[in-house]
Each structure stands twice: as structure tokens, then as C-alpha cells.
Amino acid sequence: MTRTSARFAATGAAVVLAVTGMSGAAAADAAPAAPTGSAVVHESTAFLKDSALNGLVVIPLPTATPSYDSTTGFSTSFPVTGGDVNLQGYYGNVQLGGSLLFVNLFTGKTAVFKQLAFSADSWAITGVPVGGTAPVALLDPAGTTDITRTGATQTVTAADLKVDAEGAQYVDTKLNTTFFKAGQSIGSFSLSFTTGG
């Protein structure tokens, strides 16, 4: 190999390495950040009292964060862990962290839901029961609903949150109760979802 050929070969190798390095960096830069936000389920004091009288409690499990106020009731915040949604277009879904444990204190029976999500397609909060694979619609935002979008952040607030017929049937069967009814009001709902940049 002549000196000129060697020089061209070295230059070519440097260009290939530079382009490969740049394309790797560009790919890393192009990877979108995970979405952020949270969904908040608020249970009214009326629902809490009624469910407690029937020996029923719903316990949020990590990474959900519960809070209680004696005047306004019980709230649980579920962190956004993924998803892609267009709230104004009513499509897509948001994956939520945490799980829900339903307990019938009178019978000792339980139901646990994991892989929680908010589906804009069906406009429902869903969860996959432990031991199952298909999501069950648990709660439906209802009443006066406000949907806004500011930049990459979408927000929905619903003045009412109702038990879904599918969820009522599933939980009543698992807990051996007839407490849960389709359309039963439990409180209110809000969701804030920010697309990763």
C-alpha cells in the first residue's frame, strides 16, 4: 500500500468512526424522555362511610400515594409511568404506577388490580386483576369534565367518578358482596400528563 493509499484509508476510517459516533449520539438525543404526571382519584366522605359500614376498604399499594382529609375525604395519587394519549381526541392510554387492593373485612375476601391505566379510548380507569391478563374497567370519569392542553401538558378534571359496570360485577363477585353498582359515584378524578421531550 502506498503512502497516499494509507492516508486515504486512515481518513476514510476516521470519517466512518465520526459518522458512526455522530449517528449514535443523534440516536441517543432523539430518544424521547418518559412522560410525567399523575392521576388523582378522590373518594368522597359519603362513599368512604358507606363502604366502611359494609366492611369494604380499598387500599392503594406502592407506588401510589394516599392522603386523607377529614373534610374532603380520601385521595390517592398514581404516578404516570408511560403511555401516549390525546385527551381531546379521546384516544390512547396512560400507564399508572401502583396497584389497588380491595378487601371485604366481613368475609376476608380480596381482589388486587395491577397494571393500572387510564384509557382515553374507553374513558375509564382500568386494572389487570392478579392472575388475569385482560384489563377490567373499574371507574369512569363523569359529570362536568374539563380537558385542557398547554404545550406538552394535557389535563383532564372530572367532577364525578363512577363505578364501571364491568368493575362492579368483577369486584362484587371476588369479594362476595353486592355493594358495588354500575354508575355508583365515588368522588372525582384528575389527570395531568406531560409528554417527554
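To start, this report covers the structure provided alongside it. Not measured: the values here are computed from a predicted model.

The next point concerns helix α3 (residues 165-175). Buried within α3 we find G167, A168, V171, D172 and L175. The buried side chains of α3 occupy one side of the element, clustering within an arc of 120° when seen end-on. Across from the buried face of α3, at angles greater than 90 degrees, the exposed residues are Q169 and T173. Buried-residue contacts for α3 involve β2 (56-61), β6 (99-104), β7 (110-119), β9 (136-150) and β10 (153-163). Phi turns positive, to about 55°, at N176, one or two residues after α3.

For the rest of this paragraph, the subject is the pairing of strand β3 (residues 65-69). Relative to strand β4 (residues 73-86), β3 runs antiparallel, the two being bridged by five bridges. Bridged to T65 within β4 is S77. The turn joining β3 and β4, which pair antiparallel and follow one another in sequence, is formed by three residues.

Here the focus is the packing of aromatic side chains. Per the counting criterion, the structure on display carries eight aromatic pairs. Taking the centre distance of 5.6 Å and the plane angle of 80° together, the rings of F102 and F113 count as edge-to-face. Taken together, the residues F102 in strand β6 and F113 in strand β7 connect sequence positions eleven residues apart. No difference in accessibility class separates F102 from F113, as the two residues are buried. With 6.1 Å between their ring centres and 75° between their planes, F102 and F180 make a pair best called edge-to-face. Placement of the pair is F102 in strand β6 and F180 in the loop between α3 and β11 (185-194), with a sequence separation of 78 residues. For the pair F102 and F180, a shared accessibility class is recorded, and that class is buried. What links up through ring pairs into an aromatic cluster is the set F47, F102, F113, Y170, F179 and F180.

Should the charged atoms of two oppositely charged side chains come close, the side chains can pair. Considering all chains together, one arrives at one salt bridge under this definition. Of the charged contacts, one joins D160 and K162 as a salt bridge, the two residues approaching to 2.9 Å between their closest N and O atoms.

The next thing to look at is unusual backbone geometry. Backbone torsion omega between P62 and T63 reads 15°, so that peptide bond is classified as cis. The topology assignment puts T63 in the loop between β2 and β3. Its identity is not glycine, yet Y90 carries a phi of approximately 60°, on the positive side. For Y90, the position within the fold is in the loop between β4 and β5 (91-96). You can call Y90 partly exposed: its relative accessible area is 45%. For W123, which is not glycine, the phi dihedral falls at a positive 50°.

Examined against the element boundaries, D160 turns out to sit in strand β10. For D160, a relative accessible area of 14% corresponds to the buried category. Within polar-contact distance, the side chain of D160 engages the side chain of K162 at 2.9 Å. Setting aside its immediate chain neighbours within four residues, D160 contacts D140, P141, A142, G143, S185, G187 and S188.

Judged by nonpolar contacts, the single largest core of 37 residues is most densely connected at L87, F102, F113, F118, F180, F189 and L191. Excluding anything up to four places from it in sequence, F118 contacts L87, G92, N93, V94, L96, W123, A124, I125, P141, F189 and L191.

Rules behind the numbers
- Starting afresh in each chain, residues are numbered from 1 along the sequence in its written order.
- The model is predicted, so local features are restricted to residues of pLDDT at least 70 and side-chain atom pairs to those at 80 or more, both for listing and for counting; the totals for chains, interfaces and linings are taken over all residues.
- Side-chain numbers come from the whole structure's heavy atoms, not from hydrogens or water.
- A 1.4 Å probe rolled over the protein chains alone gives each residue an accessible area, and that area as a share of the maximum for its type sets the label: buried under 20%, exposed over 50%, partly exposed in between.
- Going along the chain from the N terminus, every DSSP run of H or I of four or more residues is numbered as a helix, and every run of E of two or more is numbered as a strand.
- In this description, one arc is meant: the one made by directions from the helix axis to the C-beta atoms.
- By the convention used here, residues are in contact when the closest approach between their heavy atoms is within 4.5 Å.
- A pair of strands is treated as paired once DSSP finds two or more bridges between them.
- Here the aromatic set is Phe, Tyr and Trp, taking the six-membered ring for Trp, and pairing holds for ring centres within 6.5 Å; pairs whose planes are under 30 degrees apart are stacked, those over 60 apart are edge-to-face, and all others are tilted.
- Criterion for a salt bridge: a side-chain nitrogen of Lys or Arg within 4 Å of a carboxyl oxygen of Asp or Glu.
- Here a polar contact is taken to be a pair of N or O atoms separated by no more than 3.5 Å, where protein atoms must pair a possible hydrogen donor with a possible acceptor and residues adjacent in sequence count only if both atoms sit in side chains.
- The nonpolar core is taken to be a set of buried Ala, Val, Leu, Ile, Met, Phe, Trp, Tyr and Cys residues, with the residues joined through side-chain atoms within 4.5 Å.

None of this, on its own, says anything about what the molecule does.
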